[in-house]
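The lines below spell out each chain.
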Amino acid sequence: MGVPGWFSRGRTESERFDDAINASPRQRAGEFAEELALVGALRELGQAGAPDPATRARIRAEIEGRIGEPLPRRRWRPRMADLAAAGLALILGLGGLTLLLSRDALPGDALYSVKRAGEVTSLGLTFDDEAKAEKHLKFAANRVTELSRMNDASPAAYETALHDFGSDVRAGVAELTELATTSGNRTRLTSLESWAQSQARQLEAEQTGIPASAREEFQQARLLLDRVQQRTSALGSRLSCYQITTGTTDELGLLPAHGACTQQPLSPGGSTPSSPPPAAPESSVPPSDSPLPVRSVSSPTVSNSSTPTPTPTTAEVPHPPAPPSVPPPITAPTAPRIPTRPAPPPVVSIPPLLPGLPPVVVG
C-alpha cells in the first residue's frame, strides 16, 4: 500500500528543514533563509538571558542550605471543645449500641441492667400521665413474657424479674386508677381489670418453671394481680356515687369508699334536682281568681192569708282567714363598685436601625 503524496512531500520538507538547522552556516542552502535567521535570533536571545556563573553559584548554595535544614511544621493541638465533642460522640455511640444489644437481654444477663435503665429513661421522657402508666404496664407484661424464656436462669434472676414486675404493676395501676376516678371513666377501669386477668392467666402458665426459692415472689405477684382486679371492680361500682374514694392511698393508689352509695347531686342547670322540693302546705284559702261561694237568696212568695209570710234573708258570704304575714327578705348590703381603669397598651420597643441611635419605643 503506497504512502499518500501530500504526506511524503511534507515529510521530505521537514527532513530538509532539520538538515538545514543542524548544518553549519557554510553548508546551509538559501531555501530556508528566513526560518534559519529566526532560529538563530532565538538562540542568541536565550544565551543572553542566562545567569552568569556567580549567580548560578549563589542560587545553588541557597537551595542546598534550605534542603539541609528541616522545614518548620505546625503541630496540631486539639482544643478542649474538640476533645469534649469527640468524647460525647463516643459516649452516645457506645450507649446507643449497648441499648440496641440489650433489647433481648433477660433477667440475670449482663445487659439486663442497661435494658432497665433504658426503660427508666423512656418513662422520664414521657410527660403524659396516661401514656406513662401504660408504659409501666407494658414493661410489667414484658417481665412475664421473659419468664417463659428463662430456662437455665438462676433463682436470683427469677426473683429480679418478679420484683420488677410488681414495681411496674403498682406504678401503672396507681396512676390509671387516679385518672379513672378523677374523670369518671369506667372504660379505663374495665380495661385495667381485663389486663390483670390476662396477666394472671399467663403467670399461672409459668408456675411450673419457677424454682422453689422464688415461689414466695411468685405468690406475691399472683396476689398483687388479684388485688388489682378487686380494686378496679370496687372503684368501678362507686363511680356513680357521691363519694368514690376515701381520700387515702396505698401501693395500688386510691382506696374505694365504703358504706351506702349516695348519688351525686346534679348541678343547678341539670335535668333533675338532687332532692325533691318540699311540698307546699295546704291552705283552706281559695285562690283569688276563683269566685267566692254565695248562698242563694230566697225570694218572697205570695201565699194565702193563713200562711205566714217569710222574711227575706241576706246572702251569707264566708270570710276567709287572713294569710300569714311573711317579712320581706333582707338583702345583703353590696359594696360600692370601684370603676376599673382600662389596661395600658403594651409597650413595643424597636432596636435602633443604625448604631448610635436611640431605640424606637411605641406605647
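Cut-offs used in this document
Residues numbered from 1 in each chain as written. Predicted model: local features only at pLDDT ≥ 70, side-chain atom pairs only at ≥ 80, totals over all residues. Heavy atoms only, no water. 1 Å grid on protein atoms, 1.4 Å probe; cavity = no way out; pocket = protein on both sides within 12 Å on 5 of 7 lines; lining within 4 Å. Points joined across faces, edges and corners; volume = space filled by probe spheres on them. Nonpolar A, V, L, I, M, F, W, Y, C, P; charged D, E, K, R; others polar. Salt bridge = Lys/Arg side-chain N within 4 Å of Asp/Glu carboxyl O. Helix = DSSP H or I, 4+ residues; strand = E, 2+ residues; numbered from the N terminus. Buried < 20%, exposed > 50% of the residue type's maximum accessible area, 1.4 Å probe, protein only. Core = buried A, V, L, I, M, F, W, Y, C linked by side-chain atoms within 4.5 Å. Contact = heavy atoms within 4.5 Å. Disulfide = S-S within 2.5 Å. Axes fitted to C-alpha atoms, helices over the stretch in contact; angles between N-to-C directions. Parallel < 35°, antiparallel > 145°, perpendicular 65-115°, else oblique. Patch = residues over 30% accessible without salt bridge, like charges linked within 9 Å, V, L, I, M, F, W, Y side chains within 5 Å. Areas by Shrake-Rupley, 256 points an atom, 1.4 Å probe, with all protein chains shown as cover. Lys, Arg positive; Asp, Glu negative; His and termini not counted. Charge placed at Lys NZ, Arg CZ, Asp CG, Glu CD. Polar contact = N/O pair within 3.5 Å; in protein donor to acceptor, adjacent residues only side chain to side chain. Pairing = 2+ DSSP bridges.

Novice: Even after reading the chapter, I still don't get the layout of surface pockets, so can you show me in this structure?
Specialist: Regions of empty space are outlined by a rolling probe, equal in size to a water molecule, passed over the atoms. Volume-wise, the largest pocket comes out at about 330 Å³. Lining the largest pocket are 16 residues, and of these Ser102, Arg103, Lys115, Glu119 and Asn142 lie nearest its centre. Grouping the amino acids of the lining of the largest pocket by side-chain chemistry returns three nonpolar, five polar and eight charged.

Novice: What am I meant to see in the pattern of salt bridges here?
Specialist: A side chain of one charge can pair with a side chain of the opposite charge if their charged atoms are brought near each other. One pass over the structure, following the stated rule, counts 12 salt bridges. Residue arginine 116 pairs with glutamate 119 through a salt bridge whose shortest N-O separation is 2.8 Å. Of the two residues, arginine 116 and glutamate 119 are both situated in helix α5 (residues 112–124); the distance of three residues between them amounts to about one turn of the helix. Across the pair, glutamate 119 and arginine 116 agree in class, each one buried. Salt-bridge contacts for arginine 222 lead to glutamate 204; the nearest nitrogen and oxygen are separated by 3.2 Å.

Novice: Mind showing me how you'd approach the nonpolar core here?
Specialist: Side chains of nonpolar character tend, in soluble globular proteins, to be buried together. Membership of the largest hydrophobic core comes to 28 residues, with the highest contact counts inside it found for Val169, Trp195 and Leu203. Put simply, the parts of the chain that give this core at least two residues each are α6 (129–147), α7 (155–183), α8 (186–205) and α9 (215–237). Sorting elements by how many residues they give to this core places α7 first, with eight residues. Setting aside its immediate chain neighbours within four residues, leucine 203 contacts Val144, Leu147, Leu162, Phe218, Ala221, Arg222 and Leu225. Core analysis: the next-biggest nonpolar cluster, separate from the first, contains five residues, Ala180, Leu189, Leu235 and Leu239 among them.

Novice: Explain the state of the cysteines here, please?
Specialist: Cysteine pairs can be covalently joined through their sulfur atoms, and such a bond is termed a disulfide. Across all of its chains, the model carries one disulfide by this definition. The disulfide that involves cysteine 241 links it to cysteine 261, with 1.7 Å between the sulfurs. Handedness of the cysteine 241-cysteine 261 disulfide follows from its S-S torsion of about -110°: it is left-handed. Taken as a pair, cysteine 241 in the loop between α9 and β1 (245–250) and cysteine 261 in the loop between β2 (253–256) and β3 (348–350) lie far apart in primary sequence, 20 residues in all.

Novice: Where do I start with the packing of α7 against α9 in this structure?
Specialist: Between two packed helices, what matters for the description is the angle formed by their axes and the separation of those axes. Running from N to C, α7 and α9 cross one another at 10°; their axes reach a closest spacing of 10 Å. Of the possible angle classes, the one that applies to α7 and α9 is roughly parallel. The segment α7 lies against α9, with Glu159, Leu162, His163, Phe165, Gly166, Val169, Arg170, Val173, Thr177 and Thr181 engaging Glu217, Phe218, Ala221, Leu224, Leu225, Val228 and Leu235.

Novice: What exactly am I supposed to notice about a negative patch on the surface here?
Specialist: On the surface, a cluster of negative charge is made up of Asp128, Asp129, Glu134 and Glu178. A relative accessible area of 41% means that glutamate 178 is categorised as partly exposed.

Novice: How do you make sense of the side chain of threonine 181 when you look at a structure like this?
Specialist: Looking at the element boundaries, threonine 181 is found in helix α7. Overall, threonine 181 belongs to the buried group, its relative accessible area being 11%. Reaching out from threonine 181, the side chain makes a polar contact with the backbone oxygen of threonine 177 at a distance of 2.8 Å. When near neighbours in sequence (up to four residues on either side) are disregarded, threonine 181 contacts Leu235, Leu239, Ile244, Thr245 and Leu254.

Novice: Looking at this model, I keep getting lost on the side chain of threonine 177. Mind explaining?
Specialist: Tracing the sequence through the fold places threonine 177 in helix α7. At 2.8 Å, the side chain of threonine 177 forms a polar contact with the backbone oxygen of valine 173. Among all residues touching threonine 177, those that are not within four sequence positions of it are Leu189, Leu192, Leu235, Leu252, Gly253 and Leu254.

Novice: Whenever I open this one, the pairing of β2 confuses me. Can you help?
Specialist: The side chains of a regular strand alternate, first on one face of the sheet and then on the other. Relative to β2, β1 runs antiparallel, the two sharing three bridges. Pairing of aspartate 250 across the sheet is with glycine 253, part of β2. Taking the residues between adjacent antiparallel strands as the criterion, β1 and β2 are bridged by two residues.

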